[in-house]
2 protein chains.
Amino acid sequence: MIPKNHPRYKSLMVRESLAAAARSGLVSLEGLAAHGRGEAFDYLIGERTTASAAEAERLASRLILSAVRPVFSVNGNCAALAAEEIAVFQKRTGVAVEVNLFHRTEERMQQVADHLAAHGVEVLMGECERLVPLAHDRGLCLPEGIGSADLILVALEDGDRCEALRKMGRVVIAIDLNPLSRTARLATLPIIDELTRALPAITEACGTEMAGDLHTLAASIDNQKFLADALREMRERLA
Amino acid sequence: MIPKNHPRYKSLMVRESLAAAARSGLVSLEGLAAHGRGEAFDYLIGERTTASAAEAERLASRLILSAVRPVFSVNGNCAALAAEEIAVFQKRTGVAVEVNLFHRTEERMQQVADHLAAHGVEVLMGECERLVPLAHDRGLCLPEGIGSADLILVALEDGDRCEALRKMGRVVIAIDLNPLSRTARLATLPIIDELTRALPAITEACGTEMAGDLHTLAASIDNQKFLADALREMRERLA
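The rules behind the values
Residues numbered from 1 in each chain as written. Chains lettered and ligands numbered in written order. Predicted model: local features only at pLDDT ≥ 70, side-chain atom pairs only at ≥ 80, totals over all residues. Heavy atoms only, no water. pLDDT = per-residue confidence, 0-100. Least-squares fit on C-alpha atoms with pLDDT ≥ 70 in both. Contact = heavy atoms within 4.5 Å. Helix = DSSP H or I, 4+ residues; strand = E, 2+ residues; numbered from the N terminus. Polar contact = N/O pair within 3.5 Å; in protein donor to acceptor, adjacent residues only side chain to side chain. Pairing = 2+ DSSP bridges. Axes fitted to C-alpha atoms, helices over the stretch in contact; angles between N-to-C directions. Buried area = accessible area lost by both parts, 1.4 Å probe. Salt bridge = Lys/Arg side-chain N within 4 Å of Asp/Glu carboxyl O. Nonpolar A, V, L, I, M, F, W, Y, C, P; charged D, E, K, R; others polar. Phe/Tyr/Trp six-rings, centres within 6.5 Å; stacked < 30°, edge-to-face > 60°. Buried < 20%, exposed > 50% of the residue type's maximum accessible area, 1.4 Å probe, protein only. Lys NZ or Arg CZ within 6 Å of the ring centre and 35° of its normal.

Considering every residue of chain A, the mean pLDDT works out to 93; 97% of them sit at 70 or more. For this predicted complex, the interface score ipTM comes out at 0.81, alongside a pTM of 0.88.

Written as structure tokens, this is what we have:
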């Protein structure tokens with residue numbers, strides 16, 4: 001039991017809920033450790049959406065509205081932290097949702113899909129093929145999902161897949177708290193914010209932003225600016 | 001399987017070994033998340049012992065040599081990461097080792113003690129009493145251990161116990177990668193370094209440093225300096 005007067009009560013409670021998800025197998029044990037890494041970076045941006053991240057979230061909504069086949073690639077941590085937010089986001093944008101796991105087993109693939117479905121998410125299922133050139137099983141995806149998407153939203157993601165997707169010419173939006181990560185550095189648009197704050201912000205902006213030409217819009221984005229903004233916020237916090 | 005050419009191979013392998021320790025119950029699931037938090041801060045100091053941390057490690061050895069009843073308070077993460085280093089450190093310094101857990105059950109207390117013993121650590125065991133004024137079970141300790149120690153070494157520790165121990169007039173050395181944590185801010189001497197680098201450095205310095213009067217030495221330590229040094233390193237890394 002964590003005493004309620006503990007100064008890090010909220011952060012410890014989220015951690016406990018992810019630990020419970022790990023007990024059930026939804027979240028991998030390595031995913032739990034990765035969550036802790038994210039906690040530290042969130043702490044450094046003040047556990048709030050910065051003005052720069054809010055701007056990135058509005059841009060993300062424009063990209064998503066402009067895409068023909070946008071796909072949200074969801075892993076175990078994502079599903080455990082934000083299944084409800086993903087359902088609302090999908091209802092608003094019609095984005096396809098595909099499960100992609102670092103620690104992949106068929107059982108966990110089904111478990112994550114079931115957890116999402118139980119929260120109202122429509123999950124793309126089918127026969128996976130290795131359409132992303134990676135030695136790792138994260139290279140497996142659905143031909144009608146990530147395989148043919150023009151835009152892929154990734155969150156809490158490892159860097160090499162982001163790199164491979166970019167090399168394939170895809171537009172990648174990455175929600176990632178670490179501005180030094182390869183995912184954030186290589187994404188078309190990095191959103192340096194916590195997932196359950198970022199998703200509702202993107203969903204809301206979809207109500208006011210306008211669609212355009214996806215690749216023209218993508219080419220106009222200065223991802224370095226968003227990284228530099230986040231690094232500056234963190235330096236100030238460490239001052 | 002993590003591919004060997006993965007750029008974060010080493011960090012991911014340590015994470016996998018802690019995940020294995022979590023499967024066996026040695027490390028708590030929340031401890032795994034806390035490890036990830038530490039990973040982020042280690043990344044920000046460049047995953048190396050800084051000159052400032054090396055100075056703190058030499059000072060730590062002087063404090064330990066000067067103490068009459070030094071006790072190392074070990075938790076699950078500590079034991080899983082550094083049982084061998086703890087054994088070598090204990091042989092050199094004669095420090096008493098006591099198990100103290102955030103997620104305490106009698107079974108886990110025994111499991112952590114057994115793991116340490118299997119690596120050659122002599123573990124203090126006995127009847128615990130609530131001698132540290134905390135609502136939490138971490139207030140439980142041994143009268144002949146932490147209960148009567150003049151110096152307590154803590155690592156990968158939550159802040160409120162450090163605060164309580166300091167209020168009791170004890171000298172506290174904290175090995176903690178987060179210079180903003182309460183543990184680091186409230187310790188007599190914070191060592192902003194990773195545990196398996198810090199312990200061998202302290203052990204080695206015990207061969208050359210001289211003992212003195214514990215409380216005079218403790219009073220001469222400027223803990224703010226070590227925190228400021230670490231924060232500066234991290235800001236540089238984020239520049």
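So, next bit.
Below, the discussion takes up the relation of the copies chain B and chain A. For these two chains of identical sequence, chain B goes onto chain A by a turn of 180 degrees and a shift of 0.0 Å along the axis, with RMSD 0.0 Å. Each copy turns onto its partner about a two-fold axis. Mapped onto chain A, 100% of the interface residues of chain B are again interface residues, and the two copies thus contact each other with one and the same surface.

Take the side chain of asparagine 178 of chain B next. As for its placement among the helices and strands, asparagine 178 of chain B is situated in the loop between strand 7 (171–175) and helix 7 (182–186). Of the polar contacts made by the side chain of asparagine 178 of chain B, one reaches the backbone nitrogen of leucine 180 of chain B; its length is 2.8 Å. Beyond its immediate sequence surroundings of up to four residues, asparagine 178 of chain B is in contact with Tyr43 of chain A together with Arg37, Phe41 and Ala184 of chain B.

Our focus in this paragraph is the sheet that holds strand 1 (residues 70–74) of chain B. All names here are of chain B. Taken in spatial order, the 6 strands make up an open sheet running 3-2-1-6-7-8, and their pairing is parallel. Of all the strands in the sheet, the pair left with one neighbour each is strand 3 (123–124) and strand 8 (189–191). Most of the contacts of helix 3 (residues 51–66) go to strand 8, to which it runs at about 135 degrees, and overall it touches strand 1, strand 6 (151–155), strand 7 and strand 8. Those strands touched by helix 4 (residues 76–93) are strand 1, strand 2 (96–99) and strand 6, and its axis lies near 160 degrees from that of strand 1.

This paragraph deals with the sheet that holds strand 6 (residues 151–155) of chain A. Residues and elements named next belong to chain A. Reading across from one edge, 3-2-1-6-7-8 is the order of the 6 strands in this open sheet, with parallel pairing throughout. The strands lining the two open edges of the sheet, one partner per strand, are strand 3 (123–124) and strand 8 (189–191). Bridge count between strand 1 (residues 70–74) and strand 2 (residues 96–99): 4 bridges; the pairing is parallel. Within the sheet, the bridge partner assigned to valine 74 lies in strand 2 and is valine 99. The strands touched by helix 3 (residues 51–66) within the sheet are strand 1, strand 6, strand 7 (171–175) and strand 8, with strand 8 carrying the most contacts at an inclination of about 135 degrees. Here helix 8 (residues 195–205) sits on the sheet in contact with strand 1, strand 6, strand 7 and strand 8, set at roughly 130 degrees to strand 7.

Our focus in this paragraph is the interface of chain B and chain A. The interface is formed by 37 residues belonging to chain B together with 38 residues belonging to chain A. In this assembly, chain B packs against chain A so that about 3400 Å² is buried in total across both faces, 65% of it on carbon and sulfur atoms. Taken as a group, Leu29, Arg37 and Leu238 of chain B account for 21% of the area that chain B buries against chain A, more than any other trio of residues on that side. The interface formed by chain B and chain A holds 4 salt bridges in total. Linking glutamate 39 of chain B and arginine 37 of chain A is a salt bridge whose minimum nitrogen-to-oxygen distance equals 3.1 Å. Those elements giving two or more residues to the side of chain B that touches chain A turn out to be helix 1 (9–24), helix 2 (29–44) and helix 10 (223–237) of chain B. Counting residues per element, the side of chain B that touches chain A draws most heavily on helix 2 of chain B, which supplies 12 residues. For the side of chain B that touches chain A, the residue count by class is 20 nonpolar, 6 polar and 11 charged.

The description of two aromatic rings rests on the distance between their centres and on the angle between their planes. Residues and elements named next belong to chain A. In this structure the tally under the stated criterion is 2 aromatic pairs over all chains. Ring geometry for phenylalanine 72 versus phenylalanine 89: centroids 5.9 Å apart, planes at 85 degrees, classification edge-to-face. Residue phenylalanine 72 is found in strand 1, and its partner phenylalanine 89 is found in helix 4 (residues 76–93); the two are separated by 17 residues along the sequence. Pair check on accessibility: phenylalanine 72 and phenylalanine 89 agree, each one buried. Sitting over the face of the ring of phenylalanine 226, lysine 225 holds its NZ or CZ atom 4.9 Å from the ring centroid. Over the ring of tyrosine 43 we find arginine 237; its NZ or CZ atom is 4.7 Å from the centre of that ring.

Attention now goes to the pattern of salt bridges. Residues and elements named next belong to chain A. Counted under the stated rule, the structure contains 29 salt bridges over all chains. For arginine 104, the salt bridge identified is with glutamate 106, shortest N-O distance 3.6 Å. Classification of glutamate 106 by relative accessible area gives exposed; the value is 60%. One salt bridge connects arginine 182 with glutamate 163, and the closest N-O pair in it is separated by 2.9 Å. Residue arginine 182 is found in helix 7 (residues 182–186), and its partner glutamate 163 is found in helix 6 (residues 159–167); the two are separated by 19 residues along the sequence. On the basis of relative accessible area, arginine 182 is assigned to the partly exposed category, the value being 23%.

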